[in-house]
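# Coordinate analysis (summary)
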Amino acid sequence: MGMTSSQRLQETMQHREPDRVPYSLPANMHPARDMGLTIKEYFSRPEYVVEGQLRLRKKFGNDMLCCYPFAGLEIMAWGGEAVYFDQGPPNAGAPVIKRPEDILALEPPSVEENPALRGVLEATASLKAAVGDDIPIAGVIVSPFSLPIMQMGFEAYLDLIYERPELLERLLRINGEYCVAWAKAQIKAGASAIVYSDPASSPTILPREIVLRHGLPTARSIIARIGGGVMIHLASGRGKDLVDDIAETGAVGMSASAEEDLGQLKAACRGKLTLVGNLNALAMRRWTPQQAEAEVKRAIAQAGPGGGFVLSDNHGEIPFLVEDEVLMAMVEAVERWGRYPLDWVVVDGA
Amino acid sequence: MSNLETITRQLVEALLRLDSPGVGALLDGLRPLAGGGPSLDDVVVPALERIGRDWEEGRVSLSQVYMAGRICERAVERLLSPDRPVRGDRPKLGIAVLEDHHALGKRMVKSALRAAGYQLQDYGHGRRPQELVEMALRDQVDVLLISCLMLASALRVSEVVAGLQKAGSPIAVVVGGAPFRLEAQLWKEVGARAVGRNSAEAVAIVRSLAEREPWA
Ligand code: B12
């Protein structure tokens, strides 16, 4: 018998080679189409999401499942609303923090009593009941440092970062309370690890000094308080210059951007952080099955040797409009090229 | 190194330091727009373009591009007297965010164009394709700049292009935003006239369109 998905992921996270490269193709809206539902309907009921995740497992063999629906959910938790679309993920609607001074009176929402969040917890618990310990379920939080982009709008948030550091610190503390409670609740419901979505900490978005002053110290304290395995996701932003700093936060893994050389990133992360990535989610819509295979092969050659690698897209979400055929080609390519030992890979210098 | 190149480099450095007074002092030494000797336009636009390219190549971050645009926009507006139109009425520019509720891309493009002396009609965010077509036709803009963050929204630019074509309008649609940057062919697929991969590129695009179109 081969390994279970959980064993495979455990092994790669110990920087050892499992039976094959573990992968996750987070086509998290795709089941709506198969189930004859709109994206809005699909996310409206925990049982749909559970069924959808089981379908994804069956169809694509994902080594990791996830009940988190979309980032705009967080704004619903804070009293705002989500705006739905037919062909793609919902967006957060109008900001809930209208003026910087609103931060002075801001209180974090209670996680357990929040209807939006409760649905995710329910879905996680019933998915866990269905898959047991064999397939890990990822929980997700948008970090305290990235959440304000939705809470107040990006422009206002950048102005806050540069002009109102005291309010920024206060907001990070308030968001931190919420994020820790939200992550812990997902773990309690059955999530085995937390994806900490923090693109604001990518140098693509904010300069290294600011990330080192606010973003990563926040991550470090939140990760310590969550007390489970956490992977930092930069949502397709770059991260190479921060590898050592990210490793120091206590995170066990980080995302790999499609805009960076995966081989170089891997060299920097070896033995320290498991890399997750780096297929370009936005390009997939145009890929032929042959291109999909070539991309999978490239990523495995660059980051597979030695373990410490989970093949996935660069962003943590595959666009709704990517065809199943392309996803199937990726699955077949991992079967073909991802079996360890990766004898076909010519390691530099070997 | 030419005088112009030195001033541009100093301006880039001051912008990345967020040194507004330093930027103001550098720009005070220049004349507003065309004529003899280095003008505002000769250094502000190249400085923003350089910062934009540095962002694309991973050397500076988005917030620095945003702040640089903001500082330049303010500095230039302070220097140009309000009663003296900077440029002629053409090209007439409109800008909007299609479908999405995230306006930072639009804000940054506006800063870059305003720092280069252009005025824009702002059509807001979360706009439907048909709404945009109607507004652009009503105002008879020459160029409609569209910013998108989501792939699904970016794909709907084709409906704007089709709507304008159906009305027989020559309005040039120019697009930008994350999905266009991360998927290089997308702008062609949706029928846009041009794409900008950073906000400062909008200036060069509008200029090159102006050379080819009978607006002036
Ligand atoms: C930070 C970030 C987040 C943050 C905040 C996002 C936000 N603004 O609200 C968080 C974590 C909350 C997040 C969540 C989501 N995100 Co996000 N996120 C990003 C990231 C890293 C940066 C986005 C951003 O705001 N950039 C700032 C803007 C200003 O940058 P820009 O659009 O590139 O604009 C620059 C240029 O392109 C140019 N430009 C822009 N417009 C125009 C127009 C013209 C005419 C010209 C010339 C130039 C130009 O100028 C700007 C400066 O140079 C991108 C990936 C990336 N690498 O860019 C993904 C990205 C935007 N996210 C994406 C998605 C899908 C989402 C979610 C829907 C995920 C989900 N299922 O919930 C949510 C939606 C959130 C919401 N607000 O509702 C996708 C969108 C594409 C797609 N797949 O459809 C992206 C592209 C990731 C990817 N690689 O797929 N995200």
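Summarised in this report is the structure supplied together with it. (Residues numbered from 1 in each chain as written. Chains lettered and ligands numbered in written order. Predicted model: local features only at pLDDT ≥ 70, side-chain atom pairs only at ≥ 80, totals over all residues. Heavy atoms only, no water.)

Okay, the sheet that holds strand β7 (residues 253–256) of chain A next. Strands sit in the order β1-β4-β5-β6-β7-β8-β9 (chain A) across an open sheet of seven strands; the sheet is parallel. Each edge of the open sheet is held by one strand with a lone partner, namely β1 (65–66) and β9 (309–313) of chain A. (Pairing = 2+ DSSP bridges. Helix = DSSP H or I, 4+ residues; strand = E, 2+ residues; numbered from the N terminus.)

Glancing now at the environment of Ser6 of chain A. All names here are of chain A. Among the secondary structure elements, Ser6 is positioned in helix α1 (residues 5–13). The class of Ser6 is buried, set by a relative accessible area of 17%. For Ser6 and Glu209, which are 203 residues apart along the polypeptide, the C-alpha to C-alpha distance reads 37 Å. Apart from the residues within four sequence positions on either side, Ser6 is in contact with Asp133, Asp134, Ile135 and Pro136. (Buried < 20%, exposed > 50% of the residue type's maximum accessible area, 1.4 Å probe, protein only. Contact = heavy atoms within 4.5 Å.)

Residue-level contacts link 28 residues of chain A with 31 residues of chain B. Buried surface at the junction of chain A and chain B, both sides included, amounts to about 2,500 Å², of which 58% is carbon and sulfur. Counting the contacts that link chain A with chain B gives eight salt bridges. Its salt-bridge partner being Arg107 of chain B, residue Glu155 of chain A comes within 2.7 Å of it at the nearest N-O pair. Elements with a contribution of two residues or more to the side of chain A that touches chain B: β3 (91–92) and α8 (154–163) of chain A. Among the elements that line the side of chain A that touches chain B, the one with the most residues is α8 of chain A, at six residues. (Buried area = accessible area lost by both parts, 1.4 Å probe. Salt bridge = Lys/Arg side-chain N within 4 Å of Asp/Glu carboxyl O.)

A separate point is the packing of helix α1 (residues 3–16) of chain B against helix α2 (residues 20–28) of chain B. Residue and element names in this part refer to chain B. Direction vectors running N to C along α1 and α2 enclose 160°, while the axes themselves pass 8 Å from each other. When the axis of α1 is compared with that of α2, the two are roughly antiparallel. Here α1 runs over α2; the crossing is left-handed. The residues of α2 that touch α1, namely those facing Ile7, Gln10, Leu11, Ala14 and Leu15, are Val23, Leu26 and Leu27. Residues belonging to the contact of α1 with α2 are distributed by class as follows: seven nonpolar, one polar and no charged. (Axes fitted to C-alpha atoms, helices over the stretch in contact; angles between N-to-C directions. Parallel < 35°, antiparallel > 145°, perpendicular 65-115°, else oblique. Left-handed = near helix turned anticlockwise from the far one by under 90°. Nonpolar A, V, L, I, M, F, W, Y, C, P; charged D, E, K, R; others polar.)

Next up on the list: the site of the ligand. Close contacts around the ligand come from 44 residues, with Ala71, Ala92 and Glu317 of chain A together with His102 and Ser147 of chain B the closest. A distance of 2.8 Å separates an oxygen atom of the ligand from a polar backbone atom of Leu151 of chain B. Here a nitrogen atom of the ligand sits 3.5 Å away from a polar atom, N or O, in the main chain of Gly176 of chain B. When contributions to the shell around the ligand are tallied by element, the ones reaching two or more residues are β3 and α7 (147–152) of chain A together with α5 (104–115), β3 (143–147), β4 (172–176) and α9 (178–182) of chain B. Element by element, the count of residues in the shell around the ligand is highest for α5 of chain B, at four residues. Here the residues of the shell around the ligand are counted per class, giving 28 nonpolar, 13 polar and three charged. (Near = heavy atom within 4 Å. Polar contact = N/O pair within 3.5 Å; in protein donor to acceptor, adjacent residues only side chain to side chain.)

This is a description of form; function is not addressed.
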